[in-house]
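# Per-entry structural report
Here's the letter readout for the chains.
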Amino acid sequence: MWLALLKSCSPLSGLLADKLGRRPLLIGSGLLFAGLGVAPFFLDDIVIILATRFGLGIAAVAFSTVGATLVGDHFRPAEQPRWLEQRA
């Protein structure tokens, strides 16, 4: 259920990448991922820790969506499976 909810954020991150630009979204989601990944070390409340894990998932979805989009932007269709680790 969580995975389906998080993957539903993919179109939103694609729209944000088109509106804001790919670089700002990639850097922002990377920084958010790093910050939320470290946050539970400093937290004691399980509810807040779970909230940071949910945010971590959203940041990961945005990061992977923008990464795949960049591969599509910069490589020819014949090279894309190689860079996306899909064997053609």
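Everything below is about the structure printed above this text.
Presented here is a report on the structure given in the accompanying data block.

The rules we used
- Residues numbered from 1 in each chain as written.
- Predicted model: local features only at pLDDT ≥ 70, side-chain atom pairs only at ≥ 80, totals over all residues.
- Heavy atoms only, no water.
- Buried < 20%, exposed > 50% of the residue type's maximum accessible area, 1.4 Å probe, protein only.
- Helix = DSSP H or I, 4+ residues; strand = E, 2+ residues; numbered from the N terminus.
- Arc of directions from axis to C-beta.
- Contact = heavy atoms within 4.5 Å.
- Polar contact = N/O pair within 3.5 Å; in protein donor to acceptor, adjacent residues only side chain to side chain.

## Comments concerning helix α2 (residues 10–20)
- Three or more residues of α2 are buried, namely S10, S13 and A17. Around the axis of α2, the buried residues are gathered within 60 degrees of arc, so they sit on the same side. Opposite its buried face, α2 presents the exposed residues P11, L12, L15, D18 and K19, each directed more than 90 degrees away.
- Backbone geometry just after α2 places G21 at a positive phi near 110 degrees.

## Some remarks on the environment of L36
- On the secondary structure map, L36 appears in helix α3 (residues 22–42).
- When sequence neighbours within four positions are dropped, the list of residues in contact with L36 reads T52, R53, G55 and L56.

## Let's talk about the side chain of T65
- Take T65: it is sitting in helix α4 (residues 46–74).
- Among the residues examined, T65 registers a relative accessible area of 15% and is labelled buried.
- Here V61 takes part through its backbone oxygen, which lies 2.7 Å from a polar atom of the side chain of T65.
- Ignoring sequence-local partners within four residues, the contact set of T65 consists of S10, S13 and G14.

## Thoughts on the environment of A59
- Relative to the helices and strands, A59 is located in helix α4.
- Discounting residues that sit within four places of it in the chain, A59 has contacts with S29, L32 and F33.

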